[in-house]
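Tertiary structure, described
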Amino acid sequence: MVTRLRQRGMGQASIGEGSCPLSDQEAGIAMKQKEAGKDGVRWIPIILGPLLTLLTWYLAPEDYSKTVLGTLMVTVWTVTWWVTEAIPIPASSLLPAVLLPLFGVCDAGTAAKYYSHHLILLLLGGFMLARAVECSGLHRRIAISTLIRLGTSPRRLALGFLITSAVLSMWISNTATTLMLLPIAISVARRTEEGQDLKGRFTLCLLLCTAYGANVGGIGTLIGTPPNLIFVKNAQDLIPPIEVGFLQWLVLGLPVVVLFLPIMYLLLTRFLIPLPAGENQEGRDALREELKNLGPMRSEESRVFLVFLVTALLWVTRGSGDMPGWVHLLGPLLDLEPAEYGKYLNDSIVSVACAIALFIIPSGKAQPPLLDWDRAKDVPWGMLLLFGGGFAIGGAFQSSGLSTEVGTWMASWNTLPFPMLVMAISSVTTFLTEVTSNTASMHLLMPVLSSAAIQGGISPIQMMLPAVLSVSCAFMLPVATAPNAIVFATGKIPIRFMIRCGFALNVIGVLIVLVVSLTLGALGWLPGPSESG
């Protein structure tokens, strides 16, 4: 089955003819559909979802409100079907749209709105850009050039993608980073595995390195991920206010990235997904010859590459808050207040605008556009449903008060010794984020933790920092972060495998946050006073 799909895939495309091959998402979906057809309906995991939901209803505390209990039950049912793949995961992701109104958590209209969040449009635009890159063959040229420069050692390639993804994610969204690197990573993986008997291990490793590097990289800078800015905002709301600027955040977040990346690389390539270290000189020579045979870059490739660069540039230079960018030039022209810039001019409109441009810009003189609907319709729509389901659960956690229940429980830990306190906050935040939006979690946990710290007589930063550093370290479930969902949408990563690798990295992340928090505290580098006045 895999061989037949590969024969229809990108590796067999005729670049000179400008053909658009079967995408990897299509191949993965086709493979899963055929496997599901052999197994028939999976009644045991299907029944397990509602059974565990009933058990949750029976065991839940009596003081839980209707909405809190309903949200918990929806989460248990949906996550059970995600983990067991009782039905296709995109179909499971529609459960919150049905169950949230049925269980009295929110009305049907509110539940449906989560599936049209602006970040879903960001993903859709990014998918269309990735599709245009695929269909133009640009990713093959980039992949072959990347292989030649980094070498043909699978370990070196994995490290290269891990670092590249992390560095890009420091400056642009982890979603955009993963979308840009995904087609390149898949092509590099296929090319490498054609010359070595790796049995799909390298593909798994490269995809996980791309996603996990994007997750961790966002911790490094203030603009890397929204929870960082939520932390800063809550620090400014303290009495007295604590200012955390761009450079000061580097002191807090960058050590996590520097420590995590090499450990993640060693863990993935040596233990979880062992890869060989040897070079393949014949493969390198063959790649050089193939790059030569591709000839100069065609008009279609160069124009897609230009749209790709413009999109990335607009994401990087958008600006936010005190960081200057093009929104500060365009905002006044649109008669917007500075506080409204981010609401009207966000990454989503950049993504969608550039996707629309692909349908307008011709691929050459008197040629069709860079992207038509026959090609665009093959983007992984199921992944958009998966993300919508995650947003729905995250929104229900926030609106029902279930996140407040968890946050209040965490706030009672201020009597613990500081190392145990950090580990407790980090652990709960990490695993909570596996099933909820990290942004929603931070909106609720930051004020709860700061209040608990003040009541306990310690600096609020000491409880807030472990949470914000840990919220990006969720690696187990596809719905935990956008990069996880994007690479899972390729159909090349079994969910049980992602859970196994992700659990190990979650534990490592908790330990790294502990080391960084203790070190910063010992050096006196935490912002604000050591004790609350």
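Residues numbered from 1 in each chain as written. Predicted model: local features only at pLDDT ≥ 70, side-chain atom pairs only at ≥ 80, totals over all residues. Heavy atoms only, no water.

A word on the overall build of the protein chain. Per the secondary structure count, the protein chain includes 27 helices and zero strands. For the protein chain, the residues scored as buried account for 55% of the 533 residues in total. Excluding contacts between residues fewer than 6 apart, the proportion of contacts in the protein chain whose partners are at least 24 apart in sequence is 76%. (Helix = DSSP H or I, 4+ residues; strand = E, 2+ residues; numbered from the N terminus. Buried < 20%, exposed > 50% of the residue type's maximum accessible area, 1.4 Å probe, protein only. Contact = heavy atoms within 4.5 Å.)

Now for the packing of helix H10 (residues 154-169) against helix H12 (residues 201-217). The contact between H10 and H12 brings their axes to 7 Å, and the two run at 25°. One element, H10, and the other, H12, form an angle in the roughly parallel class. The handedness of the crossing between H10 and H12 is right-handed. Taken together, the residues of H12 that come into contact with H10 (itself represented by Pro154, Leu157, Ala158, Phe161, Leu162, Ser165, Ala166 and Ser169) are Phe202, Cys205, Leu206, Cys209, Thr210, Gly213, Ala214 and Gly217. Of the residues assigned to the contact of H10 with H12, the class counts are eleven nonpolar, five polar and no charged. (Axes fitted to C-alpha atoms, helices over the stretch in contact; angles between N-to-C directions. Parallel < 35°, antiparallel > 145°, perpendicular 65-115°, else oblique. Left-handed = near helix turned anticlockwise from the far one by under 90°. Nonpolar A, V, L, I, M, F, W, Y, C, P; charged D, E, K, R; others polar.)

The next thing to look at is helix H3 (residues 43-59). The first and last C-alpha atoms of H3 sit 24 Å apart over 17 residues, in line with the 24 Å expected at 1.5 Å per residue. Those residues of H3 that sit buried are Pro45, Ile46, Gly49, Thr53 and Thr56. On its buried face, H3 sits against helix H4 (66-84). (Expected span 1.5 Å × (residues − 1).)

Below, the discussion takes up the environment of leucine 52. One can find leucine 52 in helix H3. Spatially, the C-alpha atoms of leucine 52 and valine 76 are 6.9 Å apart, while their sequence positions differ by 24 residues. Look past the residues within four positions of leucine 52 in its chain and what remains in contact with it is Val76 and Thr80.

What follows covers the packing of aromatic side chains. Considering all chains together, one arrives at eight aromatic pairs under this definition. With 4.8 Å between their ring centres and 70° between their planes, tyrosine 212 and phenylalanine 475 make a pair best called edge-to-face. With tyrosine 212 in helix H12 and phenylalanine 475 in the loop between helix H25 (460-470) and helix H26 (482-488), this pair connects stretches of sequence that are 263 residues apart. Aromatic rings pair up to connect Tyr212, Phe260 and Phe475 into one cluster. (Phe/Tyr/Trp six-rings, centres within 6.5 Å; stacked < 30°, edge-to-face > 60°.)

Next up on the list: the environment of leucine 291. Position of leucine 291 relative to the elements: it lies in helix H15 (residues 281-294). Put simply, leucine 291 and isoleucine 142 are 149 residues apart on the chain and 9.6 Å apart in space, counted from C-alpha to C-alpha. Once you skip the residues sitting within four places of it in the chain, leucine 291 turns out to touch Arg141, Ile144, Ser145 and Ile148.

With that settled, the discussion passes to the state of the cysteines. A full pass over the atoms with the stated rule returns zero disulfides. Between cysteine 205, a free cysteine, and cysteine 209, which holds the nearest cysteine sulfur, the sulfur-to-sulfur gap is 4.0 Å. In this structure cysteine 501 is not part of a disulfide, and its nearest cysteine sulfur, from cysteine 205, lies 8.6 Å away. (Disulfide = S-S within 2.5 Å.)

In this section: a nonpolar patch on the surface. Together, Leu48, Leu52, Leu55, Trp57, Tyr58 and Leu59 make up an exposed nonpolar region whose accessible area comes to about 650 Å². With respect to the helices, strands and loops of the structure, leucine 48 is situated in helix H3. (Patch = residues over 30% accessible without salt bridge, like charges linked within 9 Å, V, L, I, M, F, W, Y side chains within 5 Å. Areas by Shrake-Rupley, 256 points an atom, 1.4 Å probe, with all protein chains shown as cover. Salt bridge = Lys/Arg side-chain N within 4 Å of Asp/Glu carboxyl O.)

Negative phi values dominate among residues other than glycine, just as trans dominates among peptide bonds. Phi at aspartate 335 is positive, roughly 60°, even though this residue is not glycine. Positive phi, normally seen in glycine, also occurs at alanine 366, with a value near 60°. Along the chain, alanine 366 turns up in the loop between helix H19 (347-358) and helix H20 (373-376). Residue alanine 366 is classed as exposed on the basis of its relative accessible area, which comes to 80%.

Chain-level statistics for the protein chain give a pLDDT mean of 83 and a share of 87% at 70 or above. Across the protein chain, element-level confidence peaks in helix H6 (residues 95-102) with a mean pLDDT of 96 and bottoms out in helix H1 (residues 2-8) with 30. (pLDDT = per-residue confidence, 0-100.)

Once that is clear, we can look at the nonpolar core. Membership of the largest hydrophobic core comes to 152 residues, with the highest contact counts inside it found for Tyr212, Phe231, Met264, Leu465 and Leu469. The biggest single contributor to this core is helix H14 (residues 246-272), with twelve residues. Setting aside chain neighbours within four positions, we find phenylalanine 231 in contact with Val244, Trp249, Leu252, Met446, Ile461, Met464, Leu465 and Val468. (Core = buried A, V, L, I, M, F, W, Y, C linked by side-chain atoms within 4.5 Å.)

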